[in-house]
Amino acid sequence: QVQLVESGGGLVQPGGSLRLSCAASGSIFSLGDMAWYRQAPGKQRELVATITSGGNTYYADSGKGRFTISRDNVKNTVILQMNSLKPEDTAVYYCYAIVNLRSSWGPGTQVTVSS
């Protein structure tokens, strides 16, 4: 069984940085696109950034210029480096990946941006 587990969330002041990590574990035969989503209280889950197996990236407008997504295909991990964080970035951040041709989600990690 495949699992995705996020880490790196927490409380940070506005203007600060956080690095989220997501590791895929289990019997992995193929690892396709990976992504980060987020869901703020009372709002729908939204895409933050994606990265293909070949390293092509896409960013939602909310994170352009501030967030960087990367992946390690040997360690089966995806990273989201978040800089210049704003209070509106507060949300639960979820890792998503296509593992063995199936969609998989992590349980989420809380990011709170507040002074």
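Calculation rules
Residues numbered from 1 in each chain as written. Predicted model: local features only at pLDDT ≥ 70, side-chain atom pairs only at ≥ 80, totals over all residues. Heavy atoms only, no water. Phe/Tyr/Trp six-rings, centres within 6.5 Å; stacked < 30°, edge-to-face > 60°. Lys NZ or Arg CZ within 6 Å of the ring centre and 35° of its normal. Salt bridge = Lys/Arg side-chain N within 4 Å of Asp/Glu carboxyl O. Helix = DSSP H or I, 4+ residues; strand = E, 2+ residues; numbered from the N terminus. Buried < 20%, exposed > 50% of the residue type's maximum accessible area, 1.4 Å probe, protein only.

Participant: Quick question: what am I supposed to make of the packing of aromatic side chains here?
Facilitator: Each pair of aromatic rings is reported with the distance of its centres and the angle of its planes. For the coordinates displayed, the defined rule picks out three aromatic pairs. Joined through ring pairs, the aromatic side chains of Tyr-37, Tyr-96 and Trp-105 make up one cluster. A cation over an aromatic ring shows up here: Arg-45 above the ring of Tyr-94, its NZ or CZ 3.7 Å from the ring centre. The ring of Trp-105 has Arg-45 lying over it, and the distance from NZ or CZ to the ring centre is 4.7 Å.

Participant: I keep staring at the pattern of salt bridges and nothing clicks. Help me out?
Facilitator: If the charged atoms of two oppositely charged side chains come close together, the side chains can form a pair. Per the counting criterion, the structure on display carries four salt bridges. Ionic pairing is found between Asp-61 and Lys-64, a salt bridge with its closest N-O pair at 3.2 Å. Linking Arg-66 and Asp-89 is a salt bridge whose minimum nitrogen-to-oxygen distance equals 2.7 Å. Remark: Asp-89 occurs in the loop between β8 (77-82) and β9 (91-99) and Arg-66 occurs in the loop between β6 (57-59) and β7 (67-72); sequence separation between them is 23 residues. Judged by relative accessible area, Arg-66 falls into the buried class, the value being 10%. The structure contains a network of salt bridges with shared partners spanning Arg-38, Glu-46, Arg-66 and Asp-89.

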